[in-house]
Amino acid sequence: MDKNQTLRVLFIAAEADPFVKVGGLADVAGSLPLALRTLHQTPSLLHPQESGEGFIDIRLAIPYHGAIREDAYDLRPVTKFSVPNIQGSIPAEAFSTNSGDLPVYLIAGDPISPDAPVYSADSSADGHKYTFFALAALELARAIGWSPHILHANDWHTSAAVYSLARKRPTDLFYRNTASLLSLHNLPYLGVDSGPALKSYMLPPAHDSRLPKWAQHMALPLGLLAADHIVAVSPGYAKEILTPEFGSGLHEFLRTRVDSLSGILNGIDVKRWDPETDPHLEANYSIHNLAPRAVNKNALQRELGFEPDPNKPLLAMITRMDYQKGVDLTLEALRQLFLAADSGQGLQAVLLGTGNPELEESARRLEINFPDRVHTATRYDPALSRRIYAGVDALLIPSRYEPCGLAQMIAMRYGCVPIARATGGLIDTIRDYGATEESTGFLFHEAEPEALEQAVMRAMTVFAHPERWQALQLRGMREDFSWERSARVYLELYHSLVKRRSGDENQKTT
Ligand code: ADP
C-alpha cells in the first residue's frame, strides 16, 4: 500500500479507559488509538472512499467485561461468530460503540464471564478468558470482512493473537498481509498458566531454541517470538529488558530480537488531565497563573485533617499497592523522616492506593503512628487522585521497575514535582535537579529507603526557596507529554511494518 491509502489497524487490549480501567494499560488503550485516529481527518466509516490522505482506520477491541456498564454506552450488536476450540467451536458475539471518533468492539462469549473481575487471582481462568478474547478478535475481523494491515496487541493477554496470526498467515489469504506489533507494558506478567488454554485453541508450544524451554508454552513469550515488531513503552525500558535484572528470564531471547525491538514513550491525554479545566479542583490554574494552586493545597490539607500550612511540604503517593512500586520504600523513608531530629521539616504525606493487603496494612499503620502527618486512603478514587495531583508539592515514585509510568507525567502537568527512582520510563521523562538547568524533578538510584529519604531531603532544600521551587514546577508543566508525539512515531512504525510485510510476500511470490 502507499501512504495515501487507508491503513487498517486492529488494536486489542484487556482494558481501555473509559470502559474499564485497572491500571495504566487502560490509559494507553483508551488514548493511543484515539490519538492515531485524530492525526488525520476522520472520514465517515460508511464512506471510506472519502478518506483523507493517509487516513488511519484504527479500531479497538476489548473483552465485554462484567464491569462495563451496558447502560452507559450506546451498544449495537455487530455479528455472531465462533472461535475454533479442541472441544468444538465456542460462540462469540461482538457489540460496537464509539469512544469519541474511535470505533470500539466489545467481545462477549462464555469464557468472558460477567461475574469475573478484569484480572482474576486464578491465572488459569484468566488464561482461558484472554486466549479466547485474543483469538475472537482475529475472528471478528474476518466475520466483518475487515482485514487489518496491522494487528497491534498489548501484553500477555492478547499475545495469543500474535502467535496465531504468525501460524495462520502462510495459508490464510485473509491475514496474509497483516503485520503484527506487540507492545510490552509489563514484562514480568508472562501469562504463566496460559499453556493449557493455548493448547485447547490448537496453539501448540513453540519448539524454538531461542526461547527458554520453560517459556515455550506461555502466551507472552510466544507473542514476543512471533511478533513482527516489539515495542517497549519507553526507550529506557527497551534497554532494561535486555538485562538479567529486568528481563524476567527472557533477556537472552530478547537480545535475539533486538533488531525488531524499539521503545516508544507513552503519553497522557492532556485534555483529560488539565489543571486549567479539571472540574474536581477547588481552584483551576495554569502555567500562566500558578497562584491558585495554593488554594488546592490548603483545601487538601483540611480534607486530610492536616494543619493547613503552605510552608509545610506535602508529599503523596498515588499507586497500585505493589512491591513493584516501592510502596514499602516510601513507608520506611517517611517513618525515618518523621523520626529525624528536625522531624522532616514538618512534612505531611498522603498515600492513595489499593492492592497488596500487606502493604495496605503497613500504610494504615503508618497513619496510626503519625496521625498528624500521614493520611492513608486504601481505595481507588480518581477524583481524590486529581485533588492530590493539584494540591501536593511532590509525588513519590520509588518504583523498583517502571516500564513507562503515567503518574509522573500527570504530576508534572499539575505542577507537582516527581521524586522518583531512576529506572525505565522515569529516566526518560524526568530530568534530575542539579544535573541540568532544565531539571523537572529529583531522581535517585538505589532501591533503598535511605536513597529515597535523601532525595526527599534534597527536594526539601529546594522547596525552602519558593522561587526555585516554582521554576521547577513550571518547567515540568511545560513538558509535552501529549499522545500526539508518540502517535506519530507509532504511525511511522506501522507504515514501515506494512512495507516490510508486503516486501516479504512479494519475495515469496516471485
Ligand atoms: P501502572 O499502570 O503500573 O499501575 P502508571 O503510573 O502507568 O502505573 O498508571 C497508574 C494510573 O492509575 C495513574 O493514572 C494513576 O493516577 C492511577 N491510579 C493508581 N492508583 C490509583 C488510585 N488508588 N486511585 C485513583 N487513581 C489511581
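Everything below is about the structure shown above.
Being a predicted model, the structure only gives us computed values, none of them experimental.

A. Region of the structure containing the overall build of the chain. Scanning the chain from N- to C-terminus turns up 16 helices and 15 strands. In terms of overall dimensions, the chain is globule-like: its C-alpha atoms have a radius of gyration of 24 Å, near the 24 Å expected for 510 residues. Based on the C-alpha atoms only, the size of the chain along its principal axes is roughly 75 × 50 × 45 Å. In the chain, buried positions account for 58% of the 510 residues. Nonlocal contacts in the chain, meaning residues at least 24 apart in sequence, comprise 70% of its contacts between residues at least 6 apart. Accessible surface, the chain as shown: approximately 20800 Å² in total, 51% of it carbon and sulfur. One finds the centroid of the 49 positive side-chain charges in the chain at a distance of 4 Å from the centroid of its 61 negative side-chain charges.

B. Quick peek at the packing of helix α9 (residues 327-339) against helix α14 (residues 449-463). Running from N to C, α9 and α14 cross one another at 60°; their axes reach a closest spacing of 8 Å. With respect to α14, the axis of α9 lies oblique. For the pair α9 and α14, the sense of crossing is right-handed. On α14, the residues that touch L329, T330, E332, A333, Q336 and L337 of α9 are P449, L452, E453, V456 and M457.

C. Quick look at the sheet that holds strand β11 (residues 348-355). What the six strands build is an open sheet, ordered β12-β11-β10-β13-β14-β15; its pairing is parallel. A strand with exactly one partner marks an edge of an open sheet, and here the two such strands are β12 (374-377) and β15 (442-444). With strand direction ignored, the average angle separating the axes of adjacent strands in the sheet is 20°. Of the pairings in the sheet, the one linking strand β10 (residues 314-321) to strand β13 (residues 394-397) comprises two bridges and is parallel in character. When the sheet's bridge partners are listed, L315 is paired in β13 with A394. Those strands touched by α9 are β10, β11, β12 and β13, and its axis lies near 155° from that of β10.

D. The site of the ligand, seen in detail. The environment of the ligand is made up of 20 residues, and the closest members are G24, R320, K325, R379 and Y389. At 2.8 Å from an oxygen atom of the ligand is found a side-chain nitrogen or oxygen belonging to R320. One of the side-chain nitrogen or oxygen atoms of Y389 is found 2.7 Å away from an oxygen atom of the ligand. When the ligand is considered free in solution it has 570 Å² of accessible area, and contact with the protein chains removes 91% of it.

E. Seen up close, the sheet that holds strand β6 (residues 150-154). One open sheet holds the nine strands; their spatial order is β3-β4-β5-β2-β1-β6-β7-β8-β9, and the pairing between them is mixed. Edge strands, defined here as strands with exactly one partner in the open sheet, are β3 (76-83) and β9 (261-263). For this sheet, the mean inter-axis angle between neighbouring strands, taken without regard to orientation, is 25°. Here β3 pairs with strand β4 (residues 90-99) via seven bridges, running antiparallel. Bridging across to β4, V83 finds its partner in I90. The sheet contacts of helix α5 (residues 219-226) involve β7 (179-184) and β8 (229-232), and relative to β7 the element is tilted by about 135°.

F. Region of the structure containing the nonpolar core. Counting 103 residues, the largest nonpolar core has I12, L36, L187, L224, L250, L254 and Y494 as the members making the most contacts within it. Ranked by the residues each element gives to this core, the list is headed by helix α2 (residues 123-143), at ten residues. Counting 40 residues, the second largest nonpolar core, distinct from the first, contains L300, Y389, A407 and A411.

G. Examining the packing of aromatic side chains more closely. For the structure on display, the rule yields 13 aromatic pairs. When the centroid spacing of 6.4 Å and the interplanar angle of 50° are considered together, the rings of Y490 and Y494 count as tilted. Residue Y490 and its partner Y494 are located together in helix α16 (residues 483-509), separated by four residues, close to a single helical turn. In this structure, Y490 and Y494 share a single accessibility class: buried. Here the aromatic cluster, defined as three or more aromatic residues joined through ring pairs, consists of Y433, F442, F463 and W469. In this structure, R386 packs its charged tip against the face of W273, placed 4.0 Å from the ring centre.

H. How the structure looks around the environment of F55. Topologically, F55 is positioned in the loop between α1 (24-37) and β2 (56-63). Judged by relative accessible area, F55 falls into the buried class, the value being 3%. When the C-alpha positions of F55 and T6 are compared, they lie 4.9 Å apart, and in sequence the two are 49 residues distant.

Procedures and definitions
Residues numbered from 1 in each chain as written. Predicted model: local features only at pLDDT ≥ 70, side-chain atom pairs only at ≥ 80, totals over all residues. Heavy atoms only, no water. Helix = DSSP H or I, 4+ residues; strand = E, 2+ residues; numbered from the N terminus. Rg over C-alpha atoms; globule rule 2.2 N^0.38 Å. Buried < 20%, exposed > 50% of the residue type's maximum accessible area, 1.4 Å probe, protein only. Contact = heavy atoms within 4.5 Å. Areas by Shrake-Rupley, 256 points an atom, 1.4 Å probe, with all protein chains shown as cover. Lys, Arg positive; Asp, Glu negative; His and termini not counted. Charge placed at Lys NZ, Arg CZ, Asp CG, Glu CD. Axes fitted to C-alpha atoms, helices over the stretch in contact; angles between N-to-C directions. Parallel < 35°, antiparallel > 145°, perpendicular 65-115°, else oblique. Left-handed = near helix turned anticlockwise from the far one by under 90°. Pairing = 2+ DSSP bridges. Near = heavy atom within 4 Å. Polar contact = N/O pair within 3.5 Å; in protein donor to acceptor, adjacent residues only side chain to side chain. Core = buried A, V, L, I, M, F, W, Y, C linked by side-chain atoms within 4.5 Å. Phe/Tyr/Trp six-rings, centres within 6.5 Å; stacked < 30°, edge-to-face > 60°. Lys NZ or Arg CZ within 6 Å of the ring centre and 35° of its normal.

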